[in-house]
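Fold and geometry: a report
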Amino acid sequence: MSDNQHSTDLTTPGASQEVFADPGMPEHKHRRADHEPAADKRAELQVVVLFVISILGTIGSLIAYFAFRPDGTTDGTRFSTLTLGLGMAFALLGIGLAAVHWAKTLMSDTEVSEERHAQRSPDEVREVAVQKLQDGVKDSGIGRRGVLKGAALSALALFPLTIAVPLVSSVGNDWNVGKFRHTRWEKGMRLATDPTGRPIKAADVTIGSVFHVIPDVSEEERTSHEWITEKAKAVVLLIRLDPRDIESDQSPKGQTWSHEGIVAFSKICTHVGCPVALYEQQTHHLLCPCHQSTFDVANGAKVVFGPAHRPLPQLPITVDDEGYLVAQDDFDQPVGPSYWERLK
Amino acid sequence: MTTTTTERAAAGAADYLDQRTGIGHAVKEFARKTFPDHWSFLLGEIALYSFVVLILSGFFLTMFFVPSMALVTHHGAPNTMDGVLMSEAFSSTLHTSFEVRGGLLMRQIHHWAALLFMAAIVTHMMRVFFTGAFRKPRELNWLVGTLLLILGLGAGFTGYSLPDDVLSGNGLRITDGVVKSIPIIGSYMSYFIFGGEFPGDDIIPRLFTLHILVVPGIILALVGVHLLMVVLHKHTQYPGGGRTDKNVVGFPLFPVYVAKAGGFFFVVFGVIALMGATMAINNVWNYGPFDPSPVSAGAQPDWYMLFLEGSLRLMPGQTEYVIGGFTLSLNILIPAVIIPGLLFTFLFVYPFIEAAVTKDKNEHHVLDRPRNVPVRTGLGVAFLTAFIILALAGSNDLIATHFSLSINSITWAFRILFFVGPWFAFWVTKRICLGLQRKDRELVLHGHETGRIVRFANGEYIEVHRPLDEQERWLRVNYTAHRPLEIEPATDSRGVRRKGYKNERRLARLSRFFYEDRVEPVTPAELAAAHAHGDHDELGSSESHGEITSGTQH
Amino acid sequence: MKALAARRHHRLAPVVLLLLALLATGGVYALLAPSPASADSANVQDIETGKKLFQANCATCHGINAEGSDGVPSLVGVGAAAVDFQVSTGRMPMQMNGPQAIEKPAQFDAEQTAQLAAYVASLGDGPAVPTADQVDPSQGDPASGAAIFRTNCAMCHNAVGAGGALSEGKFAPSLMHTSATNIYQAMLTGPQSMPVFNDANVTPEEKRDVIAYLMEQREGSAGGLTLGGLGPVSEGLWVWVVGLGLLVGAAVWIGAKSS
């Protein structure tokens, strides 16, 4: 279209009836600073002022640095951050605005046109390039030395194994994914409050209460670095309902996994593993704040809404001689999100 | 005197350098290289400069951050964390924030710059998409750009998790859940990432290496490639008088663009500093050190990951199946793997699809006005609509509390909108584009309304129309309305079925989807005819539909 | 405090209490500590007045003897703390049915609230209104409070107490303007959807620690404007509005021709 060089003057009969012609670049309009010395001077002054603001900003930032030592309080840190940051912002914006203003008002604003060339290399260049490659191929003899080619490719394909094998063997620790099946819970282990670690008596769990629970392990274990991984599977939510409200739980026939309306469910969502912790006392619904899966505690933690599919696993509990809540056993299934071999 | 001394010194230095590097060639080639001027060409620069700010502030932060999950008892500010057992990573983050002067400022600058980096990439891609800047010869640069988008997500994700706080820790936990849902290798992938069971004590050091070395290294290399290709291709330009596919109209690199672009770096950095100074971001001490038990309401990732979060939230849970004893969690795979996969595939393949259905082998350096390619514009808006609906779904709890709505109803509304919204957006956008094109035709044929009413001697009233000047008209007629591909018959002249006919037919069908509705640009003949009729006359637009083309020009 | 206790039965006590309540609404934190009325100190006259108030304002739903009915809880044994919480925050009496009773200007003054509380407390044992000491943030440990809050409260009320969504239109309210006494009472009594955190679960000291942590949040953030304390979504919104907004503005200026 742009190649069309016909005139489009409509008064001239015989102009192209198919396409209009490019009118060319619009007329250049001069700025005030181009012909008014006063405007030019004013623009220059503005640029200078902006640079001066930048210098003042830097100085201000340095003063703020030495004058305000953050004292660790919210106010102190906020003030230090604010003054340092504002100084920095002025220092930077001063330079930026000055440079742009300079370019816009004082440097040439006449648009220039530069030619483009097609990206494709010209045929003769291509010919030479292809010839050179062919010469190289011929020289190396890669085409006819089949065994050599095979050996070279195999060597290149294989050498990454020298890095990959040691890496892959160690990067997943012992690769024992069977650990997903077990948690720290075991028969007779007391339920304790999270994060304080106080064992919980059944009598303390009043109706409508919800306790965030961890296994009652030693203080030493709770401060070890392995604990976080154990806790990531073992956290439990303990809730007491009016026993009349409980429609069902996950106890198999002949067993009772709850105790007088007290039920314990894994806190790890069966969707992607967020802690499911929003318990609504009136509806007995447990809601996950990450993706809103909703579980019905009064009905074996079945899913009533959202992206999760399976109920939260129930921890079988009972009371010991002293009236403390204890686990009957570990969970009967892996807690948390589904994975391929979960049921194997 | 001083001038001559300076000049002599400069000449000496230049001579020294040139004798050793031959830099004269480069200076000759590039010093006055022309760059077109338009605000939307600076969006990519915002992304580039945010990245530079990320490197500068990130360097500061690495001086104080300890990438370790070893447990320590934190002493000192803030008082809500005094005496708390936490990882060294979290403790050093608190130390940087409260005890290193300017440390919190740098953390906030770094995080705001990261959010801005992604926002600028997205808007830059929108500009490139809607103006057709991805067409030949820039398809490869579009791919590089899309890779940069994905790497940006990776950089953000790995950095977000480093402070080892509850919020980002739950993000990692979700990642773990998603990875576990991958059939067959899921559990092993989880072990691969975490060095054993979640969370273990390897993940922070691993993410640290990815965040400060691997990901930024690749980004830097690809940014280099991206910019090199811009230099090779020379910048695109908006349509206008004197701008063709064979030239580039603009200002010389030195000094105008050096000053403008260089100045803009300082403006970008300055705005980020302003945000870092005044607006709190990611106050990790409020979330606390990572612990697998707590979670806080408003558990969301940074904005650029919200679409994934929303996608996970919308998917109903019924789609988890057990097949032969193995668990297939489509309720996680579809939203977290397949949907983002589809979105990114669309980005990667779009330039090639459009090229195929257009059968256009020419280089394009003059940008399209979005209205002149209605289907592309519609598809882009549909894509954005899907992205925004997912991001909003990822914020459904905040929408619920701020607009007093039920979170369950919102979720249902978004489930439906995700399917309906993009179609509707496509249809509306396409109609708007066609409408604007018709409006352009009207303008070219009849000129601007002046509001001046004239009465002729015969009693007829007309409104005087002022014809468009050459530049205005050129802008509205200088485009190609592509037509659907036409294919040869299924059998050749000898009645033998042609090979590849089916593919061609499929392509032709796609091409029809793209180009069957189109508005042709006004031709001089039409304009002359309109003039002959008188300015005020209505002349039917020559929109063509299907294979039936109307219009006077053929 | 002893002196205060001695004057509790003075006939001017209601006036003083009223003044205290007014001052409290004026925003003086120290005085946000509540009307120090508790079940055991309420006299027979208070209970009688409370009963009349109850029958006039509450009995329609809760029953003439506060025994409750279908869908309306019985108030026998809920204690003075529950009544004080519901009435002083304006949640009760409820004006209309909705997903949950919402906070609104209190319908009864401090004295009437205390009388209502005294009446309900007389129906059965229940938690009493906490003392000023129990809810004094300056005696709490914000670090311990932060830990308790994270595990027990943040999933509904958000990390800094900015509130959050529950299912079906219910929500956990923001705690940014809730009085220390009301926070304590809510933990103790578990109003509406909220579960109960009795003293065995979260000890009275820990409750005070939580209050200390929440009061700290009212100082704002060390980083500057809190942007609602809502986390990444609001941060994302602001980066588009402020960050990209300012920079696109700057880009337009750079690209525009100078006059």
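Calculation notes
- Residues numbered from 1 in each chain as written.
- Chains lettered and ligands numbered in written order.
- Predicted model: local features only at pLDDT ≥ 70, side-chain atom pairs only at ≥ 80, totals over all residues.
- Heavy atoms only, no water.
- Contact = heavy atoms within 4.5 Å.
- Buried area = accessible area lost by both parts, 1.4 Å probe.
- Salt bridge = Lys/Arg side-chain N within 4 Å of Asp/Glu carboxyl O.
- Polar contact = N/O pair within 3.5 Å; in protein donor to acceptor, adjacent residues only side chain to side chain.
- Helix = DSSP H or I, 4+ residues; strand = E, 2+ residues; numbered from the N terminus.
- Nonpolar A, V, L, I, M, F, W, Y, C, P; charged D, E, K, R; others polar.
- Pairing = 2+ DSSP bridges.
- Disulfide = S-S within 2.5 Å.
- Buried < 20%, exposed > 50% of the residue type's maximum accessible area, 1.4 Å probe, protein only.
- Domains from an automatic or database assignment.
- Lys, Arg positive; Asp, Glu negative; His and termini not counted.
- UniProt positions renumbered as here; feature names shortened; annotations may be inferred.

**Quick word on the interface of chain B and chain A**
Quoted interface sizes are often the accessible area lost when the parts come together. Each side of the interface is counted separately: chain B has 124 residues, and chain A has 97 residues. Between chain B and chain A, a total of about 9,400 Å² is buried, with carbon and sulfur atoms accounting for 63% of that surface. Among the residues of chain B in contact with chain A, Arg101, Tyr191 and Glu197 of chain B are the three that bury the most area, contributing 9% of the side total. A salt bridge links Arg243 of chain B to Glu111 of chain A; the nearest nitrogen and oxygen atoms lie 3.4 Å apart. Where chain B touches chain A, the interface holds 39 residue pairs in polar contact (both at pLDDT 80 or more). In terms of residues, the side of chain B that touches chain A owes the most to one element, helix α10 (residues 253–278) of chain B, which gives 16 residues. A class-by-class count of the residues in the side of chain B that touches chain A yields 57 nonpolar, 44 polar and 23 charged. By the bridge criterion, 4 bridges tie strand β1 (residues 112–115) of chain A to strand β4 (residues 247–252) of chain B in an arrangement that is antiparallel. Among the inter-strand pairings, Glu115 of chain A is bridged to a residue of β4 of chain B, identified as Asn247 of chain B.

**Quick notes on the state of the cysteines**
A complete count under the given rule lists 1 disulfide over all chains for this structure. Through a disulfide, Cys274 of chain A is tied to Cys290 of chain A; the S-S separation comes to 2.1 Å. When the S-S torsion is -85 degrees, as for the bridge of Cys274 of chain A with Cys290 of chain A, the disulfide is left-handed. Placement of Cys274 of chain A in the loop between β5 (262–266) and β6 (278–280) and of Cys290 of chain A in the loop between β7 (285–287) and β8 (294–296) is noted, with a sequence separation of 16 residues between them. The pair Cys274 of chain A / Cys290 of chain A is uniform in exposure class, with both members buried. The thiol of Cys269 of chain A is unpaired, and the distance to the nearest cysteine sulfur, on Cys288 of chain A, comes to 4.4 Å. Under the relative-accessibility criterion, Cys269 of chain A is labelled buried at 1%. Lacking any disulfide linkage, Cys153 of chain C is separated from the closest cysteine sulfur, that of Cys156 of chain C, by 8.6 Å.

**Remarks on the domain arrangement of chain B**
All names here are of chain B. Domains assigned within chain B are domain 1 (305–420) and domain 2 (430–552). Domain 1 and domain 2 are separated by 33 Å when their C-alpha centres are compared. At the junction of the two partners, domain 1 supplies 16 residues and domain 2 supplies 17 residues. With both sides pooled, the region where domain 1 packs onto domain 2 buries about 1,600 Å², and carbon together with sulfur makes up 68% of that total.

**Points about the side chain of Arg342 of chain A**
When you line up the elements, Arg342 of chain A lands in the segment after β11 (325–327). No salt bridge forms around the buried Arg342 of chain A; measuring N to O, its nearest opposite-charge neighbour Glu320 of chain B is 5.4 Å away. Excluding anything up to four places from it in sequence, Arg342 of chain A contacts Arg181, Arg310, Gln333, Pro334 and Pro337 of chain A together with Thr327 of chain B.

**A look at the UniProt feature "domain: Cytochrome b/b6 N-terminal region profile" (unreviewed entry) in chain B**
With numbering matched to this structure, UniProt assigns "domain: Cytochrome b/b6 N-terminal region profile" (unreviewed entry) to residues 13–239 of chain B. Split by type, residues 13–239 of chain B is 67% helix and 4% strand. Its first and last C-alpha atoms lie 42 Å apart.

**Some remarks on the UniProt feature "transmembrane region" (unreviewed entry) in chain B**
Taken from the UniProt record, the annotation "transmembrane region" (unreviewed entry) applies to residues 42–66, 109–130, 142–162, 208–232, 253–281, 332–353, 373–392 and 412–429 of chain B. The straight-line gap between the two end C-alpha atoms of residues 142–162 of chain B is 31 Å; of that span, 90% is helix and 0% is strand.

**Re the UniProt feature "binding site: heme c 2" (unreviewed entry) in chain C**
Residues and elements named next belong to chain C. The positions that UniProt labels "binding site: heme c 2" (unreviewed entry) are, in the present scheme, Cys153, Cys156 and His157. Along the chain, Cys153 turns up in the loop between α7 (142–152) and α8 (154–157). If sequence neighbours within four positions are ignored, Cys153 has contacts with Ile148 and Asn158. Structurally, His157 is set in helix α8. Apart from residues no more than four positions distant in its own chain, His157 is found in contact with Phe149, Ala162, Gly163, Ala172, Pro173, Leu175 and Met194.

**Thoughts on the pairing of strand β5 (residues 320–323) of chain B**
Residues and elements named next belong to chain B. Bridge count for β5 against strand β6 (residues 326–329) is 4 bridges, and the pairing is antiparallel. Along β6, the bridge assignment pairs Ile323 with Phe326. Counting the residues that bridge the hairpin from β5 to β6 gives 2 residues, and of these Gly324 lies at a positive phi of roughly 55 degrees.

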